Every structure is written in structure tokens, then in C-alpha cells.
Amino acid sequence: MNFLRGVMGGPSAGPQPSGADTIQKLCDRVASSTLLDDRRDAVRALKSLSKKYRLEVGIQAMEHLIHVLQTDRSDSEIIGYALDTLYNVISNDLEEEEQEENLPKQVDDLGSQFTEIFIKQQENVTLLLTLVEEFDFHVRWPGVKLLTSLLKQQGPQVQQIILVSPMGVSRLMDLLADSREVIRNDGVLLLQQLTKSNAAIQKIVAFENAFERLLDIITEEGNSDGGIVVEDCLLLLQNLLKNNNSNQNFFKEGSYIQRMKPWFEVEDDNCGWSAQKVTNLHLMLQLVRVLVSPTNPPGATSSCQKAMFHCGLLQQLCTILMATGVPADILTETINTVSEVIRGCQMNQDYFASVNAPSNPPRPAIVVLLMSMVNERQPFVLRCAVLYCFQCFLYKNQKGQGEIVSTLLPSTIDATGNSVSAGQLLCGGLFSTDSLSNWCAAVALAHALQENATLKEQLLRVQLATSIGNPPVSLLQQCTNILSQGDKIDRRGSKVQTRVGLLMLLCTWLSNCSIAVTHFLHNPANIPFLTGQIAENLGEEEQLVQGLCALLLGISIYYNDNSLENYRKEKLKQLIEKRIGRENFIEKLGFISKHELYSRAAQKPQPSFSSPDHMMFDHEFTKLVKELEGVISKAIYKSSEEDKKEEEVKKTLEQHDNIVTHYKKVIREQDQELEELKQRINTLTSQNEQLQATVTQQVSQIQQHKDQYNLLKVQLGKDTQHHNSHSDTFQMNGIQTEEASKLKEELEEWKNKHELLQGQLREKDSLIEKLKSSQLEMGTTEQSSQTSKSAGLEHNNELQKELEVLRSQIQLQSAEISKLQIENQKLQVKNTTADPVLGGSGATAANSSELEGRLEQEIKELKSELKALSEEKESLKQHLDSSTSTVAILQDEKSKLQQEVAESKKEQDDLLVLLADQDQKLSALKIKLKDLGVPVEDEDDIESGDQGDEDEDGDEEEQD
């Protein structure tokens, strides 16, 4: 153990061994020792030497250390030492005092070389993944650090090995759930390296619930007030979302955008911002921009923009935008973020137009931002951000474009001058002495006219007051005046920048607007100025101006409607041929697209320039140049005949377009009629269903009435038997005259009611008979044309049957009433004969009281029966009322059917007249053919001939 004491710093006798010799002895000890304690001590010694003797330990000990990882997994301490030693060998994170000036390049080479040796056997990486799964801190933490270092050195190769290993990424995702913050934070760093530039791993990590865990960590750490852990989580989220449409969609669908809103709840105070908070908020804003970047698919961007509006994130960003005490770089990035959140989204653009700055009086946020853009004291980056915000506000926003242009029109300008409008700020910037303000205002105004011919025509009405006593000048004229003055006006900044901005504005204004071209050509100084600029041989800086002048002249030719005699297309082409030359003109036109700044501006919509001098081209203008360059080149070489043909083709195309639009209008009207008819059919079918439901309901009610009638019939039968039995007792014992008279009166009332009911039934019978006769007259045509009315007629027949049954029941009741009348008369006769007997005999006086009690009881029963009969009468009345309503409905249907039958008869008569005319014509033609000698057979002869042929065929078959 003497050499170990020497390594560990103990006293030793004799000469000290060199570092390489010590490492060799330690490696032999690790390889040959049978005791675990000896191997552990040797690996610990190698760890202590690995930083100072990195190359020697890496060359001699790596194989032995990997062997230890494979064989001694039961001892966590030796595994931890081995992992730490490998990390020191592979990692380039050396301490500052150990670095030398010429060392970094060598260090980088060493780390990548040792990493390549380690991952040459893929089993080593798989072994490392299994060790990372261990819960022991002394194994897991060095394993995470070693794997992170491997990914830094040889990222793509290690990513591929982890991707193909079973559950490789899922094992590493468990690090985010570790309760020990050191391992969790280093796990975030590991996943940062793992997800770099690998879409497949990014998707796996995202679907392993990474968004939920990372957002939870950010919330736990205090959102933007958190430390460096929040920064690491935000960088990992950027890796997962940037240029990955699948993960962006998953982030939106998982409602994670809503969880970003608390990040931007910044207090409006001047207490100061820490550097870490500024960094965190900067990354948070960049993360929002990743979701709504113009390079994303339009559908995904639009859905994210809407989600940000609905959850209040856009409102929170606008609050930061208008807050005080916000650092300049955060304010700039917030403006850029708001720009991309509202770009091309009408709902967000409308909200942004309604935002007001907290000033007195309150001003729109757009006006406040434009004030910063045209103020040359503001930082250049901030002015670029405001320009981008204004461009995004107007992108595909015709409503916003109209509002901006309306602030320039004479009718809407505020006469009091209390408030500054956006149009006034743009005009002020356009004609200021700062070239950068000129350029920004010109580009902003060009975006207000982008793809909007109506506003281009309206802007021609704008008049500017140049000086007191002079007449006002149009905006178009003032732009050309400043352009022609060139370098005569002393300006701050680039000499070319102002002219480039004005030429871009004029090209955008005149393109696709013949009226604007006519106004431009109406000034006789414009065309000579353009031809003079193009024909001169100027320096490299002026070549860009020459190219833009050539483009403006080409637009004046291509969109010329030949309304001015002196500036017709043909004359302008001849002018180019004489003074410039076609080839020279095309060459000057090509200067634009060949310029380096043009290609930079064409890459992305956001204006990003290293210095104000490089601010020359706008992204949307590069699209216009690409569209017009080839068209203008062709137009210059076209002859007058070809122009005439092209105009004729345009006219025919316009005519065709008019015809197509007419047919589209007709088809649209027919579609509306079809929709109306469909709705009508739906209403009719619903009405039909309702009528059918009412019919079935009435049928069920009639059935109930039938059942009730049968019950009443049975009860009446029992009551008649009861009355007959009591009549015998009356014959034997006699009856009082008063009760008999009461019964007479009740019978008379019943007779009257019976007659009334019979009268009503006769009226209903007459109506039903009339309906029957009308139905019989209509015949089969009614059945074929109006099959839908059969349900109502069947219901009528059923009602008629029910009425007949009720009539028969009333007849039976009348018969019973007549029987009762006869019995009453008999009783009266017997009563008169029985009076002397009753007066003479005193023996029956005792029984008279009993008879009176019985009679009273019988009278009560009769009264209850009368009450039941009156209730039945009321129900019959209700039933008759319902039948009257159905009869009225049937009468309406009958009238409709009669009209349709009359129409069908009229059509049949017309057809008969046509057939008669045809027969007359045929007979006249046959007569003419006979006169000409052509044999013509009559229809009767043809039919007889056909029958004779059939008879002959039959005879032949019988012979066979």
C-alpha cells in the first residue's frame, strides 16, 4: 500500500514515482485485485488523478473503469467513483485556474476523442442508462453528468443510440420527477442536450408529459422571478417547440398556453429588475413567439393566436407594453411578441386597435408606438420593433388599413389639433430631416396600401399645406418633389435611404392602380426625372436608386390605361428605346434583386438590421419586385399590336368574368329558392306529423268513449230491471201523485234534450253526406294526386261510424224513456183506482210510511242516474264539437282537392285538344300521301294485319 500512501499524500521513502507510473499501478490494481476494498481505493485514487493527468487516465484506465461499471454494480460507492472519473476524463468543464491559453483547442479534441472511444461500444451507453435509473444519489447524479457530457461532445451519435435503446428516453424523463433538486436540475440540462435538433426525441419527450412537469417546475420556482432553473426549463421548452409542428399542436391542445399567462403578471413599479428576471422574461417572450412564428403553418399559428386572445395572454402582453419602468430590451421583445400574436388575426388586430395608453388624455397604443418610431432619439432596435408591430397590425387587415388612411383624408382630420393622429405622424416622419424616419414612415404607409386598390385611390385626395400663401399640394406630388430634390436637402443618416423609401412607397402605390399611374404621369417632370436617373452612370450606392426608378417607370407602363395622349404605353416604350435602351433598362432593373440587402430582407418578415445604413428593403416589397420584374421585362419588349391583342384578351376575359358572375348569381338565387323550398317541405312534414298525432289521439279518445258507453249500457240494463221490480210494488201498494208528477216533468226534460241532440245529429249527418258526395265525384284523380290526404278521410269515416253508434245508443235510450212513460201512465191509472181503497182501509196506513221511505230512496237513485246521464250528455257535446272542427278541416281539404281536380281536368282538356289537332294533321298528311300515290295503311288495317300474322304463326306451331 506504499504507492497508495504516496498518491494520497502520506510519507514515503525513496524517489517519487511519476504520474503515468502511478496510474499504471492503479490500473493493474483495479484489474487484478480480488478484494472489493482494494479496487474501490484504486478507483478513488484514479478519480483524484483524473483532472491533473486527464490524458493518461483516459488512455490507460477507461477500459478498466467500464469493466468496473459492468461487474461491481452491487457496490454504489465504487460505481460512483468510476462515473466521476469518466466524467473528469470526458468533460471539458475544467476549472479556470487549470486552463492555459493554448489548452482549449486541445481540451476540445480530447473530450470528443474519449467520447468517441466510449460510445464505440453501444452497450456502454445502454449500461449508463441503466445506472441512471438507480435511486442512489452517488450513482444517479454522476451518471446524469456523464451522459450530459457525452451528448455535448458527440450529440447526434449518442442521440441515435438512446433512441434505439428500449425505453431509453422514458428512463431519462423520470429525472424530472426526482425529489432531489440537484438531480432534477441536472436532468433538465441533460434533456436540453438530448433534444437538440432531433424531432423524433422531441416528440417522445413531449408525449412523456414533459410540458406538464416543466411548467410545474417553473411555477414552483416563482415564474419570471425564479432562478437559473427557470431559465433551463424555458430553454428546454424552446427545444421541444421550435420548428416542431406536432409538439406545438400538442402544447395548444393540452391547454398549456393558458398556463403561460401568469408568467407576464409584472407589477408596474420602479423597484428594479434583476438580470435573471430579465433573462427569464426574455425567454418567455421568445417561447410565445415560437408558437406564433410566421414560419409555422398558417392554421397552427392562427389557432395559437386565438387561444392567446381567449385566455387573456395578449391582454397581459399589452399591459407590459404600456407599463412604465420596463427595461428597453424587454420592451423591444414584448413589441415583437405582440406583433406576431396579432399578425394576420383579425380578432387580435381589432383588440390591439382598441388598446389605449395610460395617458391624459388617453391615446391609442398605435399612436404612441408611431411616436417612438419617428423619434430619432429612440434606440434603433426599438424603432425597428415598432415598425414590425405596425406592419403586423396592417397585415391582411383591410379594416385597419382604412382606419389609418382615413386619418389622412381631409374630412376626418381633427381641426382643433388637440390630438395627433397616426396619419399626421406618418406624414411628419415622411418629410422630416432624419433619413431613418423617412424610410420607416414610407414603408409603414406602403403597408397601409398593400393589396388595397380602393385606399390607393382615396390617398390621391390627400392635400398637404407646404407653406403659408401657397396652394396645397397632393401627397403624391410632394413625394415626387422630395425625390427629385435628391441630395439638395441636408439630412441626417444615409443619403440613399430616403430616396429608396419614397421609391418603394411610390411603386407600391402605383402597382395595380391605373388612376394613380395617371396622376403620376400628369406631372410632366416625373418621366424626365426617371429616365435621367436611369440613363446616368453612377456609383454602387446609386445603382439601387436606378433600379427602383426603372421599376417605377416599368409600373407606369404596365398599369397605364392610355388615358393621357402624351404618355401612352407605346410612346413611353419609344422613350426608353431612345434615351436608355431596352437592354440597359433591363440591366438596371435587375440591380434590385441582385443586391445583398434585398436577399436578406426576403428571408423573413421581421426587419432585423445590424445598423441603420443596412435598412433598405422591406419584406413585402421584395415580394412585389419578384412579381413585377418578369412582367415588366416582357411588357418592354411587346409591340403595339401585341398590346392591342392583350387588351382585347383582357376585355374578353372581363366579359367572361361578367358572364360567370351572372351565372353564379343565378345559381346562388336558385340555391336560396331550394333552401326555402326545403324549409317549406320540412314545415309541411312537421305539420303532417302533428296532424297524424292529433288523429291518433282522437282515435284513442273515441275508443275511451266507446268503453265508457259500454259500461253505461250495462248499468242502464241493470237499472231498467230494478225499475220493473219496483213497479210491481207500486201496483200492489199505490204511489203518491206528487212523485208521479215530478217523474213526468223529468221525463219531459229528457225528451227535450233528446230532441235537441237528434237535431244536432241530423245537421252533422247532412254535412257528412255532403262530404261523401264530393269525395265520390272527385274519383280516382283525387286518390292519385292527393294520397297524403287519405289519413284525414279515413279519420272522417271513423268519426261517421262513431256518430252512427252514438245515434243508435240515443235511439235505445229514447225507447227506454218511452217504456218508462207507458209504465208511468199505467201507474197513474192504478193510482186513481187505488185511492178509495186506501181511504177505506186503515190496515194499510201502517205500511204507507215504509212505502214513502222506499219511494224517497228510489227517487234519490233516479236523481243520481239523471246526473250521470247529464254528464254523459256533456261529454257527447264535447265530442260533437271536436267532430265539427274535424269536419271544418275536411271541408278545407275538400276545397283544395276540388281546385286541384279542376286544374287536372283543365290540363286533360288541353291534352285532348292537342291530340285532336294532331289527329287532324295526321289525317291531312295521309290524304296528301294518298293523292301523291304513296300507299298508306290505316290504323285499323295495321291492327288487322298484325292479328293475321299472329294467327298464321299459331297455325305453324300447331302443325309442328
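Definitions and cut-offs
- Throughout, residues of each chain are indexed from 1 in the direction in which the sequence is written.
- Totals for whole chains, interfaces and linings use every residue, but because this is a predicted model, local features are given only for residues with pLDDT of at least 70 and side-chain atom pairs only at 80 or more, for both listing and counting.
- Neither water nor hydrogens contribute to the side-chain values; these are computed over all heavy atoms in the structure.
- A helix here means a DSSP run of H or I that spans at least four residues, while a strand means a run of E at least two residues long, and both kinds are numbered starting from the N terminus.
- For the exposure calls, accessible area comes from a 1.4 Å probe over protein chains only, and a residue counts as buried if that area is under 20% of its type's maximum, exposed if over 50%, partly exposed in between.
- Pairs of residues are marked as contacts when any of their non-hydrogen atoms sit within 4.5 Å.
- In short, Shrake-Rupley with a 1.4 Å probe defines the accessible areas, and a residue's cover is counted only from the protein chains shown.
- Aromatic pairs are defined between Phe, Tyr and Trp rings, using the six-membered ring for Trp, whenever the two ring centres lie within 6.5 Å; interplanar angles under 30 degrees are classed as stacked, those over 60 as edge-to-face, and all others as tilted.
- Counted as over-ring charges are cases with an Arg CZ or a Lys NZ within 6 Å of the ring centre that also lie within 35 degrees of the ring normal.
- In this description, one arc is meant: the one made by directions from the helix axis to the C-beta atoms.
- The patches described consist of residues with a relative accessible area above 30% and no salt bridge, like charges being joined within 9 Å and nonpolar side chains (Val, Leu, Ile, Met, Phe, Trp, Tyr) within 5 Å.
- By convention in these notes, a salt bridge is any Lys or Arg side-chain nitrogen within 4 Å of a carboxyl oxygen on Asp or Glu.
- Residues scored as positive are Lys and Arg, those scored as negative are Asp and Glu, and His as well as the terminal groups of each chain are ignored.
- Charge coordinates come from a single atom per side chain, which is NZ of Lys, CZ of Arg, CG of Asp or CD of Glu.
- Any pair of cysteine sulfurs within 2.5 Å is marked as a disulfide.
- The length a helix should cover is 1.5 Å for every residue beyond the first.
- In this analysis, axes come from line fits to C-alpha atoms, helices being fitted only over the stretch in contact, and the angle between any two N-to-C directions falls in the range 0 to 180 degrees.
- If an angle is under 35 degrees, it is roughly parallel; if it is over 145, roughly antiparallel; if it lies from 65 to 115, roughly perpendicular; otherwise it is oblique.
- Note on residue categories: nonpolar means Ala, Val, Leu, Ile, Met, Phe, Trp, Tyr, Cys or Pro, charged means Asp, Glu, Lys or Arg, and polar means any other residue, Gly included.

Engineer: Would you mind showing me how to read the overall build of the chain here?
Structural biologist: Along the backbone of the chain there are 41 helices and 4 strands. Counting over 960 residues, the chain shows a buried share of 42%. For the chain, restricting intrachain contacts to residue pairs at least 6 apart in sequence, the fraction spanning at least 24 positions comes to 73%. Split by element, the accessible area of the chain, about 52500 Å² in all, is 51% carbon and sulfur.

Engineer: What should I look at first to understand the packing of aromatic side chains in this one?
Structural biologist: Aromatic rings in a pair are described by how distant their centres are and how their planes are angled relative to each other. Summed over the entire model, instances satisfying the criterion amount to 13 aromatic pairs. Judged by centre distance (6.5 Å) and plane angle (55°), the rings of tryptophan 263 and phenylalanine 264 are tilted. Neither residue differs from the other here; tryptophan 263 and phenylalanine 264 are each classed as buried. Their ring planes at 85° and their centres at 4.9 Å tell us that tyrosine 558 and tyrosine 559 sit as a pair that is edge-to-face. You can call tyrosine 558 partly exposed: its relative accessible area is 25%. Ring-pair connections join several aromatic residues into one group, and the members of that group are Phe207, Phe211, Phe250, Phe251 and Tyr256. The ring of phenylalanine 135 is capped by arginine 180, whose NZ or CZ atom sits 4.0 Å from the centre of that ring. Across from the ring centre of tryptophan 273, 4.7 Å away, lies the NZ or CZ of lysine 277, which sits over that ring.

Engineer: Honestly, helix α9 (residues 155-164) in this entry has me stumped. Any pointers?
Structural biologist: Because the α-helix completes a turn every 3.6 residues, residues three or four places apart line up on one side. Within the sequence span of α9, burial applies to Gly155, Val158, Gln159, Ile161 and Ile162. Along the axis of α9, the buried residues cluster in a sector spanning 165°; they form a single face. Within α9, the exposed residues directed more than 90 degrees away from the buried face are Pro156 and Val164.

Engineer: Sorry if this is basic, but what is going on with unusual backbone geometry here?
Structural biologist: Among all residues save glycine, negative phi is the norm, and among peptide bonds the norm is trans. The residue after asparagine 360, namely proline 361, is reached through a cis peptide bond having omega 0°. Relative to the assigned elements, proline 361 resides in the loop between β1 (356-357) and β2 (363-364). Here lysine 396, not a glycine, exhibits a phi torsion of approximately 55°, which is positive. Summarising the element assignment, lysine 396 is placed in the loop between α22 (380-394) and α23 (398-406). Using a relative accessible area of 62% as the deciding quantity, one classes lysine 396 as exposed.

Engineer: Just checking my understanding: could you explain a negative patch on the surface for this structure?
Structural biologist: A grouping of Glu900, Glu903, Glu907, Asp909 and Asp910 is seen on the molecular surface, where their side chains present a negatively charged patch. With respect to the element layout, glutamate 900 can be found in helix α40 (residues 845-931).

Engineer: Is there a simple way to think about the pattern of salt bridges in this case?
Structural biologist: Pairing between side chains becomes possible if they bear opposite charge and their charged atoms approach one another. Overall, the coordinates contain 26 salt bridges when judged by the stated rule. The partner of aspartate 72 in a salt bridge is arginine 39, and the shortest N-O contact between them spans 3.1 Å. Note that aspartate 72 is positioned in the loop between α4 (54-71) and α5 (76-90) and arginine 39 in helix α3 (residues 36-49), a separation of 33 residues in sequence. Just as aspartate 72 is buried, arginine 39 falls in that class too. A salt bridge links glutamate 77 to arginine 44; the shortest N-O distance between them is 3.8 Å. Residue glutamate 77 is located in helix α5, and its partner arginine 44 is located in helix α3; the two are separated by 33 residues in the primary sequence. Here the salt bridges share partners, and the residues they tie into one network are Asp37, Arg40, Asp41, Arg44, Asp75 and Glu77.

Engineer: Quick question: what am I supposed to make of the environment of glutamate 629 here?
Structural biologist: Note that glutamate 629 resides in helix α36 (residues 619-637). With 40 residues separating them along the chain, glutamate 629 and leucine 589 place their C-alpha atoms 7.5 Å apart. In contact with glutamate 629, not counting residues within four places along its chain, are Leu589, Gly590 and Ser593.

Engineer: It is not clear to me how a nonpolar patch on the surface should be interpreted in this structure. Could you clarify?
Structural biologist: Together, Ile659, Tyr663 and Ile667 make up an exposed nonpolar region whose accessible area comes to about 310 Å². On the secondary structure map, isoleucine 667 appears in helix α37 (residues 640-733). For isoleucine 667, a relative accessible area of 46% gives the class partly exposed.

Engineer: Sorry, what's going on with the state of the cysteines here?
Structural biologist: Formally, a disulfide is one covalent bond, and it connects the sulfur atom of one cysteine to the sulfur atom of another. Tallied over the full model, the rule gives 0 disulfides. There is no disulfide at cysteine 440, and the cysteine sulfur nearest it, in cysteine 384, is 6.4 Å away.

Engineer: Is there a simple way to explain helix α2 (residues 19-32) in this structure?
Structural biologist: Helix length check: α2, at 14 residues, gives a terminal C-alpha distance of 20 Å against a target of 20 Å (1.5 Å per residue), a fit within 8%. Within the span of α2, buried status applies to Gly19, Thr22, Ile23, Leu26, Cys27 and Val30. One face of α2 carries all of its buried residues, which in axial projection span an arc of 135°. Set apart from the buried face of α2 by more than 90 degrees, the exposed residues are Ala31 and Ser32.

Engineer: Can you walk me through the packing of helix α17 (residues 298-310) against helix α20 (residues 346-354) in this structure?
Structural biologist: Each pair of packed helices can be described by the angle between their axes along with the distance between the axes. For the pair α17 and α20, interaxial distance at closest approach is 9 Å and the crossing angle is 40°. Put simply, α17 runs oblique to α20. Two secondary-structure elements touch here, α17 through Gln305, Lys306, Phe309 and His310 and α20 through Met347, Asn348 and Tyr351. Classifying every residue of the contact of α17 with α20 gives 3 nonpolar, 3 polar and 1 charged.

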